[in-house]
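# Understanding the architecture of this molecule
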Amino acid sequence: MSAKFDISFEKSAEIAGGYAILLKTKDADTAAGVSAADPSGVVAKAAKIAGFTAKLATALDIVAPEGSAAERIFVIGLGKSADLASFDWLKAGGAAASKIKNTNDVTIFIDAPGVDVTPAQAADFALGMQLRAYGFDTYKTRKSDDDSNGKDGSAVKVRIVTATAKEAAKAFETAQAVANGVNLARDLVNEPANVLGPVEFAAKAKELEKLGVEVEILTETEMTKLGMGALLGVAQGSVRPPRLAIMQWKGGKSGEQPVAFIGKGVVFDTGGISIKPAGGMEDMKGDMGGAAAVTGLMHVLAARKAKANVVGVIGLVENMPDGNAQRPGDIVTSMSGQTIEVINTDAEGRLVLGDAIWYCNDRFKPKFMIDLATLTGAILVALGNIQAGLFSNDDQLSEQLTAAGIETHERLWRMPMGKEYDKMIDSKFADMKNTGGRHAGSITAAHFIKRFVGDTPWAHLDIAGTAMGSPLDEINQSWGSGYGVRLLDQLVRANYES
Ligand code: MN
Ligand code: ZN
């Protein structure tokens, strides 16, 4: 991380130099903290001259007003108080964070007049700051000044002033867990494939043991014994062996059925023998975005001690062209016993997921399974980088996911499924083939996965457009977005904690 905020909450605070950040809605004519930061009344005058209307996540910048204890004042807009949604607090926090440069001391007055700021909202504001502060500069040997918020790259001391400081600090412990989980997922996606292979990724999952997660790592030999011919077929072209990581968080009642999340973890996808064109192929280091989201989610749930039993399973492989790589036309036998004709070796994610999902269902009998995968280019054609595709055999689960998507702004759009689409993956030579052709490519991919879920409620999230390269915004300036972590944390929090 290239910028750090050391955040605390206080009931009241004196400004002693540094930045003062004041929050203001559209409807109130004054901002929080004005009396402390602006005894001479410059803010109101400056707002008028600059035409600042306190639109959500906009900022008014005032340098060193006469008589102020602050060196610089920012007013951050919250929009109309009646319109304030929970995600808006993250946005406002992100907008505030983006203005902090070259100072080590920031006082933020968050109790905007006309708003009853709850501890959760104050914590969300701080979460927005932490998410905005993330940057991936591990491999830059020369850091630019722009990369850091604090002077000389050191942490910025941020005091958030709010009436319910104690409760906000408590809520922030949870928010901090979320920030760390999202940023872990971002790190994993941004990390290059020469550094993060299947074995290295599995080691990252293993690190969750520190938080109380039980982690098992299956090797190639163990997966061979289990008959995971679909997953292993993808891995066989790489000199780096595959892994299956199984993470269990047991925060719920003992013996209660878990909920399960399964992630596609193709650490690099060349397409295999059906090799991809060179242009943009470097982005395929992010083809493990599903596995990254599941790992980040497990981090959040354990770090905030979620009262739920949760299983995370990630299939980790590399898809390479090689003398030993699988060929188009090959037929593999999955752990389920179903056979698959490999038409296109670039449709490899579903092969990995088929075995991982079957294993998860067979072993854990979960309440539901949700898989995340950077699965198809076709989902980008349909939804762009804006929403993820949602495919499901269960209306209730779909509705819960859609609601969590609106709440967290990690949005989903439900796509159709049906037996006409399912038929498109019937094979001449095996039980199914791994691609149904160009038309309805995301849907037939979902149907392929569905053939491994049995009767368990299930949802598949195609995150090829949202896990990486999505438009940068107030809370994300990173190529690897961490999409899915906040979404699924919210799903668990709202519906599955006892
Ligand atoms: Mn592929
Ligand atoms: Zn792939």
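None of these values were measured; they are calculated from a predicted model.

## Some points on the overall build of the protein
Scanning the protein from terminus to terminus reveals 15 helices and 17 strands. Here the C-alpha atoms of the protein give a radius of gyration of 24 Å, agreeing with the 23 Å that 2.2 N^0.38 yields for 498 residues. Scored against the burial criterion, the 498 residues of the protein give a buried share of 57%. Within the protein, counting contacts between residues at least 6 apart in sequence, those at least 24 apart form 79% of the total. Carbon and sulfur atoms form 51% of the exposed surface of the protein, whose accessible area is close to 19,900 Å². Of the charged side chains in the protein, 52 are positive and 60 negative, and the gap between their average positions amounts to 1 Å.

## What to know about the coordination of the zinc ion (ligand 2)
Only K264 (NZ), D269 (OD), D287 (OD) and E348 (OE) from the protein reach the zinc ion (ligand 2) as donors, at distances of 2.0 to 2.5 Å. Around the zinc ion (ligand 2), the four donor atoms are arranged such that angles at the metal cover 85 to 179°; this shape is classified as irregular. Spacing between the donor residues of the zinc ion (ligand 2) along their common chain follows K-x4-D-x17-D-x60-E. The distance between the zinc ion (ligand 2) and the manganese ion (ligand 1) comes to 3.0 Å, and D269 binds to both of them. Of the two residues, D287 is situated in the loop between β9 (259-269) and α9 (289-303) and E348 in the loop between β12 (339-341) and α10 (349-364); the sequence distance between them amounts to 61 residues. The exposure classification of D287 matches that of E348, with both residues buried.

## Examining the sheet that holds strand β14 (residues 388-392)
Ordered in space as β7-β8-β10-β9-β13-β17-β14-β15, the eight strands form an open sheet in which the pairing is mixed. The open sheet has two free edges, formed respectively by β7 (214-218) and β15 (412-414), since each of these has just one partner strand. Going from strand to strand, the sheet's axes swing by 20° on average, the running direction of each strand aside. Relative to strand β13 (residues 369-373), β9 runs parallel, the two sharing four bridges. Residue pairing in the sheet places A260 in a bridge with M369 of β13.

## What to know about the layout of surface pockets
By volume, the largest pocket is sized at about 670 Å³. Forming the walls of the largest pocket are 29 residues, and the residues nearest its centre are D346, L375, T376, G377 and A378. Listing elements by their share of the lining of the largest pocket, those giving two or more residues are β9, α11 (378-383) and α14 (441-450). Here the lining of the largest pocket is composed, by residue class, of nine nonpolar, 11 polar and nine charged.

## Section: the side chain of N361
One can find N361 in helix α10. What makes N361 buried here is its relative accessible area of 15%. A distance of 3.1 Å separates the side chain of N361 from the backbone oxygen of V453, its partner in a polar contact. Ignoring anything within four residues of it in the chain, the contact list for N361 reads P366, M369, V453, G454 and T456.

## Some details on the packing of helix α5 (residues 165-190) against α9
Where α5 contacts α9, the axes come no closer than 8 Å and their chain directions differ by 155°. When the axis of α5 is compared with that of α9, the two are roughly antiparallel. Pair α5 / α9 crosses with right-handed handedness. Only G289, A292, A293, T295, G296, H299, V300 and A303 of α9 make contact with α5, whose side of the interface consists of A177, V178, N180, G181, L184, A185, L188 and V189. When its residues are assigned to classes, the contact of α5 with α9 shows 10 nonpolar, six polar and no charged.

## Some words on the coordination of the manganese ion (ligand 1)
The manganese ion (ligand 1) binds to the protein through D269 (OD), D346 (O), D346 (OD) and E348 (OE); the donor distances cover 2.1 to 2.2 Å. Read from N- to C-terminus, the donor residues coordinating the manganese ion (ligand 1) fall into the pattern D-x76-D-x1-E.

## Here we look at helix α6 (residues 198-206)
Within α6, burial applies to P198, F201, A202 and A205. Buried residues in α6, looked at end-on, bunch into an arc of 100°, giving them a common side. Residues of α6 that are buried sit in contact with α5, β7, β8 (243-250), β9, α9 and β10 (309-319).

## Brief notes about the packing of aromatic side chains
Describing an aromatic ring pair means giving the distance of the ring centres and the angle of the ring planes. For the coordinates displayed, the defined rule picks out six aromatic pairs. Here F261 and F368 contribute two aromatic rings whose centre-to-centre distance is 5.8 Å and whose plane-to-plane angle is 80°, an arrangement assigned as edge-to-face. Remark: F368 occurs in the loop between α10 and β13 and F261 occurs in strand β9; sequence separation between them is 107 residues. As far as the burial class goes, F261 and F368 line up, both buried. Each member of the aromatic cluster is reached from another via a ring pair, and the members are F261, F368 and Y496.

## Regarding the pairing of β13
For β13, the buried fraction is high: five of the five residues fall into the buried class. Of the pairings in the sheet, the one linking β13 to strand β17 (residues 458-462) comprises five bridges and is parallel in character. Bridge pairing in β17 places A373 opposite D462.

## Looking at α10
In a regular helix each residue adds 1.5 Å, so 16 residues correspond to 22 Å; α10 covers 22 Å between its end C-alpha atoms and thus fits that length. For α10, a buried count of 13 out of 16 residues is recorded, marking the element as mostly surrounded by other parts of the structure. A positive backbone phi angle near 40° is found at K365, which sits one or two residues after α10.

## Thoughts on the nonpolar core
Ranked by size, the top nonpolar core spans 101 residues in total, and within it L23, F125, F261, I370, L401, L461 and L488 carry the most contacts. It is α5 that provides the largest number of residues to this core, a total of 11 residues. The residues contacting L461, other than those within four sequence positions of it, are I370, D371, L372, A373, G389, L390, L401, L412, L487 and L488. Core analysis: the next-biggest nonpolar cluster, separate from the first, contains 39 residues, M228, A260, L351 and M432 among them.

## Describing the pattern of salt bridges
Counted by the stated rule, this structure contains 19 salt bridges. Taking the shortest distance from any N to any O, the salt bridge between D269 and K276 comes out at 3.7 Å. Given a relative accessible area of 2%, D269 falls into the buried group. Given a relative accessible area of 21%, K276 falls into the partly exposed group.

Calculation criteria
- Residues numbered from 1 in each chain as written.
- Chains lettered and ligands numbered in written order.
- Predicted model: local features only at pLDDT ≥ 70, side-chain atom pairs only at ≥ 80, totals over all residues.
- Heavy atoms only, no water.
- Helix = DSSP H or I, 4+ residues; strand = E, 2+ residues; numbered from the N terminus.
- Rg over C-alpha atoms; globule rule 2.2 N^0.38 Å.
- Buried < 20%, exposed > 50% of the residue type's maximum accessible area, 1.4 Å probe, protein only.
- Contact = heavy atoms within 4.5 Å.
- Areas by Shrake-Rupley, 256 points an atom, 1.4 Å probe, with all protein chains shown as cover.
- Lys, Arg positive; Asp, Glu negative; His and termini not counted.
- Charge placed at Lys NZ, Arg CZ, Asp CG, Glu CD.
- Donors = N, O, S within 2.8 Å, 3.2 Å for Na, K, Ca; no water.
- Tetrahedral: all angles 85-135°; square planar, octahedral: opposite > 155°, others 65-115°.
- Pairing = 2+ DSSP bridges.
- Axes fitted to C-alpha atoms, helices over the stretch in contact; angles between N-to-C directions.
- 1 Å grid on protein atoms, 1.4 Å probe; cavity = no way out; pocket = protein on both sides within 12 Å on 5 of 7 lines; lining within 4 Å.
- Points joined across faces, edges and corners; volume = space filled by probe spheres on them.
- Nonpolar A, V, L, I, M, F, W, Y, C, P; charged D, E, K, R; others polar.
- Polar contact = N/O pair within 3.5 Å; in protein donor to acceptor, adjacent residues only side chain to side chain.
- Parallel < 35°, antiparallel > 145°, perpendicular 65-115°, else oblique.
- Left-handed = near helix turned anticlockwise from the far one by under 90°.
- Arc of directions from axis to C-beta.
- Phe/Tyr/Trp six-rings, centres within 6.5 Å; stacked < 30°, edge-to-face > 60°.
- Expected span 1.5 Å × (residues − 1).
- Core = buried A, V, L, I, M, F, W, Y, C linked by side-chain atoms within 4.5 Å.
- Salt bridge = Lys/Arg side-chain N within 4 Å of Asp/Glu carboxyl O.

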